[in-house]
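# Overview (structure and organization)
Listed below are the residues making up each chain.
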Amino acid sequence: MTRVLVTGGAGYVGSHTVRHLLGAGHDVVILDDLSTGHAESVPHGTPLLRVDLRDAQAVRAGLDGQRFDAVMHFAARSLVGESMQKPYEYLRDNFGGALNLIEWCSQHGVQRFVLSSTANLFGNAGQEPIAETDEIAPGSPYGESKFLIERALSWAERVHGLRYACLRYFNAAGALEDGSIGEHHDPETHLIPIVLQVALGQRERVSVFGDDYPTRDGTCIRDYIHVSDLAAAHLAAIERLEDRSVALNLGNGAGFSVLEVLETARKVTGHPIPHVLGERRPGDPATLVACSDQARKLLDWTPKYDLDAIISHAWAWHSKHPSGFR
Ligand code: UDP
């Protein structure tokens, strides 16, 4: 059994990963300041440390005396659009918080560190699909903050021998298969939950952010990957990567445009889901699709769910919990 600290374990991808870790028999402690996470998503009996990672003293006070074999780091500000408005907050909070955590890990014998990283560090690569060897050119302060953390980890390995896996997800979406937990951000900015809120009648229409991108229908193309597939990859990263550090892209390898996501959601929900055309959102690259061959090989990982399944599970969550965790 491995004892795992999961920062941001009350958040979206973190809470799903916690379920997978517990299901595989690991011992889990969650660290979350609940600024965007939900206490309701923490499984009964799982310890929750309410710590703000930006405060080095609070990190030491919360963690000193504990022992962890592995740390999974999800806690971060994670909105591309918002990061274009608040670049310094994103850089300072995400990088500063991660440094406090990595420093603690280096000093306390943590063997493995798994970082929730992002496809946004490839910026507007325009190449399809994107491999780990492609040029890093962060598309936003959010992407840059994750890249800085990846660099800090490479120094933690060189200086302290900390082994790490940076998992660069493309677009996390979906919900636990039974619809018991799912995505809940306030305010919501992500495409699939917004589309489903329109299906539920909570919003009038979806605004499509730009239709003049160089893509097949002019709207942005993304690689949507099921949150349970991401959780499975995190588990594999601590169970299979014995003695090496890696940076791996996680996606399905299939790109869908905003209009195609809308069409799929209309089919899955049976609701009309009206949309209007809006302005481009700063920071959005035209196309982001993953080549995940390395993850498939090194983690022995294959994504199980396609876009239909992603939207059906998200629909189960949203229709059972129209106000999310509230
Ligand atoms: N998008 C949109 N309308 C919305 C929200 C998102 O057209 O109300 C687009 C957005 O521009 C991007 C895609 O949907 O091309 C996915 O955006 P999301 O915020 O879900 O994820 P991101 O790509 O920013 O990680």
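This report concerns the structure included in the present document.

## Remarks on the overall build of the protein chain
From N to C terminus, the protein chain includes 10 helices and 14 strands. Taken against the 2.2 N^0.38 rule, which gives 20 Å for 326 residues, the C-alpha radius of gyration of the protein chain at 19 Å falls within 12% of a compact globule. Viewed in the frame of its principal axes, the protein chain has a C-alpha envelope of about 55 × 40 × 40 Å. Residue burial in the protein chain is summarised as follows: out of 326 residues, 56% are buried. Once local pairs closer than 6 in sequence are excluded, the contacts in the protein chain between residues at least 24 apart make up 78%. Element-wise, carbon and sulfur atoms account for 48% of the exposed surface of the protein chain, whose accessible area totals about 13,700 Å². Computed over 30 positive and 41 negative side-chain charges, the inter-centroid distance for the protein chain is 2 Å.

## A short note on the side chain of D93
Mapping D93 onto the fold places it in helix α4 (residues 87-107). Look at D93 and you get buried, because its relative accessible area is 13%. Reaching out from D93, the side chain makes a polar contact with the side chain of R54 at a distance of 3.2 Å. For D93, the contacting residues outside a window of four places in its chain are R54, R77 and Y88.

## Examining the sheet that holds strand β9 (residues 221-222)
One open sheet holds the 3 strands; their spatial order is β12-β9-β14, and the pairing between them is mixed. Two strands in the sheet have a free side with no partner beyond their single neighbour: β12 (256-257) and β14 (287-288). As paired strands, β9 and β14 are joined by 2 bridges and run parallel to one another. Along β14, the bridge assignment pairs R222 with L288.

## Regarding the state of the cysteines
What the rule picks out here adds up to 0 disulfides. C105 carries a free sulfur, and the closest cysteine sulfur to it, the one in C166, is 13 Å from it. With no disulfide partner, C291 has as its closest neighbouring cysteine sulfur the one in C166, 17 Å distant.

## Thoughts on the nonpolar core
Ranked by size, the top nonpolar core spans 34 residues in total, and within it L21, L167, L250 and L299 carry the most contacts. When contributions to this core are tallied by element, the ones reaching two or more residues are β1 (3-7), α1 (12-23), β2 (27-31), β4 (70-73), β6 (163-169), α7 (227-239), β11 (246-250) and α9 (293-298). Considering every element that reaches this core, the biggest residue donor is α7, with 7 residues. Listed in part, the 26 residues of the second largest apolar core include A173, V198, V206 and L262.

## Comments concerning the site of the ligand
In the vicinity of the ligand there are 14 residues, among which L191, S207, F209, R281 and D284 approach most closely. A distance of 2.9 Å separates an oxygen atom of the ligand from a polar atom in the backbone of F209. One of the side-chain nitrogen or oxygen atoms of R222 is found 3.0 Å away from an oxygen atom of the ligand. With the chains in place, 91% of the 510 Å² that the ligand exposes on its own is no longer accessible. Breaking the shell around the ligand down by element, the ones donating at least two residues are α6 (191-199) and β8 (206-209). Element by element, the count of residues in the shell around the ligand is highest for β8, at 3 residues. Across the shell around the ligand, the residue classes break down as 7 nonpolar, 4 polar and 3 charged.

Definitions and limits used
- Residues numbered from 1 in each chain as written.
- Predicted model: local features only at pLDDT ≥ 70, side-chain atom pairs only at ≥ 80, totals over all residues.
- Heavy atoms only, no water.
- Helix = DSSP H or I, 4+ residues; strand = E, 2+ residues; numbered from the N terminus.
- Rg over C-alpha atoms; globule rule 2.2 N^0.38 Å.
- Buried < 20%, exposed > 50% of the residue type's maximum accessible area, 1.4 Å probe, protein only.
- Contact = heavy atoms within 4.5 Å.
- Areas by Shrake-Rupley, 256 points an atom, 1.4 Å probe, with all protein chains shown as cover.
- Lys, Arg positive; Asp, Glu negative; His and termini not counted.
- Charge placed at Lys NZ, Arg CZ, Asp CG, Glu CD.
- Polar contact = N/O pair within 3.5 Å; in protein donor to acceptor, adjacent residues only side chain to side chain.
- Pairing = 2+ DSSP bridges.
- Disulfide = S-S within 2.5 Å.
- Core = buried A, V, L, I, M, F, W, Y, C linked by side-chain atoms within 4.5 Å.
- Near = heavy atom within 4 Å.
- Nonpolar A, V, L, I, M, F, W, Y, C, P; charged D, E, K, R; others polar.

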